[in-house]
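# Breakdown of the fold
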Amino acid sequence: MAPSDKKRDSTPKPRAWQRMLSGRRLDLLDPSPLDVEIEDIAHGLARVARWNGQTKGDHAFTVAEHCVLVDDICVRFRPGWPVKWRLAALLHDAPEYVVGDMISPFKAALGIDYKAFEHRLAAAIHMRFGLPAELPQTVEETIKRADKASAFFEATQIAGFSDAEAAQIFGRPRGLTPIALSPLPTKKAQARFLARFAELTES
């Protein structure tokens, strides 16, 4: 073995885990469902701003609030939807408690490797809370439709988009009356997310 090879082999690998406030150490490259806690997710999502923080008001509109809104919209689209699919809607952006809320243009620039990374996190989160790692296509489609509707309401109410611009990018929601948004302080956003989780898992 050449000297250069020995030097390369002895180089310590970079740390790939993150310590959570719960004490869990989540391996980002190989996440285990056993290291996922809802309190960590809620804490993180309530501190991640949608739209990179470029929103109106005294408080950021957090991913925690967005997730609750997406669940609300899914119920409007699918009255009587099974609770487990509503839970999937609530958790649809849960990986962002680790990776943050990257705007869509940046995700596109990073490419498929980032999508695979995010998908592994999502699968671990799903398994932790009794959901299938891969959601049925019809469920994915409903959540995606609600996600786009939420983006439209957020864009036009708090992110500075015109109605026409938001409609062109996200599509104008059909069959929905407008939902008024009110960005919450961090602790209230966190509490609302946890309350919705409790509602869906204790029913």
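Scroll up a little and you will see the structure.
Here we summarise the structure given alongside this text. Not measured: the values here are computed from a predicted model.

## Some words on the packing of aromatic side chains
Per the stated rule, a full pass over the model turns up five aromatic pairs. For the pair Trp-51 and Phe-170, a centre-to-centre distance of 5.8 Å together with 90 degrees between the ring planes defines the contact as edge-to-face. Taken together, the residues Trp-51 in the loop between helix H2 (38-45) and helix H3 (63-77) and Phe-170 in helix H9 (residues 163-170) connect sequence positions 119 residues apart. With centroids separated by 5.3 Å and ring planes inclined at 70 degrees, the aromatic side chains of Phe-129 and Phe-197 adopt a geometry described as edge-to-face. Linking Phe-129 in the loop between helix H7 (112-128) and helix H8 (137-157) with Phe-197 in helix H10 (residues 186-202), this pair joins segments that are 68 residues apart in sequence. On the accessibility criterion, Phe-129 (15% relative accessible area) is buried. Counting every residue linked through ring pairs, the aromatic cluster contains Trp-51, Phe-161 and Phe-170. Across the ring face of Trp-17, the terminal group of Arg-25 is positioned such that the distance to the ring centre comes to 4.2 Å. One cation-aromatic arrangement involves Arg-145 over Phe-77; the distance from NZ or CZ to the ring centre is 3.6 Å.

## Quick notes on the nonpolar core
By size, the foremost hydrophobic cluster in this structure holds 58 residues, and its most contacted members are Ile-41, Ile-73, Leu-91, Tyr-97, Phe-129, Ile-143 and Phe-193. For this core, the element with the highest residue contribution is H3, accounting for nine residues. Ignoring sequence-local partners within four residues, the contact set of Ile-73 consists of Ala-146, Ala-149, Ser-150, Phe-153, Leu-176 and Ile-179.

## A short note on the packing of H8 against H9
One can describe the packing of H8 onto H9 by two numbers: an axis separation of 9 Å at closest approach and a directional angle of 160 degrees. As the angle between them shows, H8 and H9 are arranged roughly antiparallel. Once H8 is placed against H9, the crossing between them reads as right-handed. Of the residues in H9, those touching H8 at Lys-148, Ala-151, Phe-152, Ala-155 and Thr-156 are Asp-163, Ala-166, Ala-167 and Phe-170. Its residues placed into classes, the contact of H8 with H9 shows six nonpolar, one polar and two charged.

## Here we look at H2
In terms of residue burial, H2 counts as a mostly covered element, since six of its eight residues are buried. Those residues of H2 lying buried are Ile-38, Asp-40, Ile-41, Ala-42, Gly-44 and Leu-45.

## Comments concerning the pattern of salt bridges
Counting across every chain of the model gives nine salt bridges. When the shortest N-O distance is used, the salt bridge between Arg-24 and Glu-37 registers 3.0 Å. Of this pair, Arg-24 sits in the loop between strand S1 (17-19) and strand S2 (25-27) while Glu-37 sits in the loop between S2 and H2, placing them 13 residues apart in sequence. The class of Glu-37 is buried, set by a relative accessible area of 15%. For Arg-196, the salt bridge goes to Asp-71, with nearest N and O atoms at 2.7 Å. On the criterion of sequence distance, the pair formed by Arg-196 in helix H10 and Asp-71 in helix H3 is long-range, its members being 125 residues apart. Taking relative accessible area as the criterion, Asp-71 reaches 0% and is therefore assigned buried. One connected set of salt bridges, linked through shared partners, spans Asp-71, Asp-72, Arg-86, Arg-196 and Glu-199.

Here is what the cut-offs are and how they apply
Within any chain, residue numbers begin from 1 and follow the written order of that chain's sequence. Whole-chain, interface and lining totals are the exception, using all residues; otherwise, since this is a predicted model, local features are given only for residues with pLDDT of at least 70 and side-chain atom pairs are given and counted only at 80 or more. Water and hydrogen atoms play no part in the side-chain values, which are based on all heavy atoms of the structure. For Phe, Tyr and Trp, where Trp contributes only its six-membered ring, two rings pair if their centres lie within 6.5 Å, and the inter-plane angle classes them as stacked under 30 degrees, edge-to-face over 60, or tilted in between. Put simply, DSSP marks the helices as runs of H or I at least four residues long and the strands as runs of E at least two long, and each gets a number from the N terminus on. A simple rule labels every residue: compare its accessible area, found with a 1.4 Å probe on the protein chains alone, to the largest value its type can have, and call it buried under 20%, exposed over 50%, or partly exposed in between. Throughout this description, the term charge over a ring refers to an Arg CZ or Lys NZ atom that lies within 6 Å of the ring centre and within 35 degrees of the ring normal. Buried Ala, Val, Leu, Ile, Met, Phe, Trp, Tyr and Cys residues form a nonpolar core when they are joined through side-chain atoms within 4.5 Å. What makes two residues a contact is simply this: any of their non-hydrogen atoms within 4.5 Å. To get an axis, a line is fitted to the C-alpha atoms, and for a helix only the part in contact is used. The angle between two axes follows their N-to-C directions and goes from 0 to 180 degrees. For this classification, under 35 degrees means roughly parallel, over 145 means roughly antiparallel, 65 to 115 means roughly perpendicular, and everything else is oblique. Two helices cross in a left-handed way if the nearer one is turned anticlockwise from the farther one by less than a right angle. They cross in a right-handed way if the turn is clockwise. Each residue gets one label: Ala, Val, Leu, Ile, Met, Phe, Trp, Tyr, Cys and Pro are nonpolar, Asp, Glu, Lys and Arg are charged, and the others, such as Gly, are polar. Salt bridge, as applied in this entry: a Lys or Arg side-chain nitrogen positioned within 4 Å of an Asp or Glu carboxyl oxygen.

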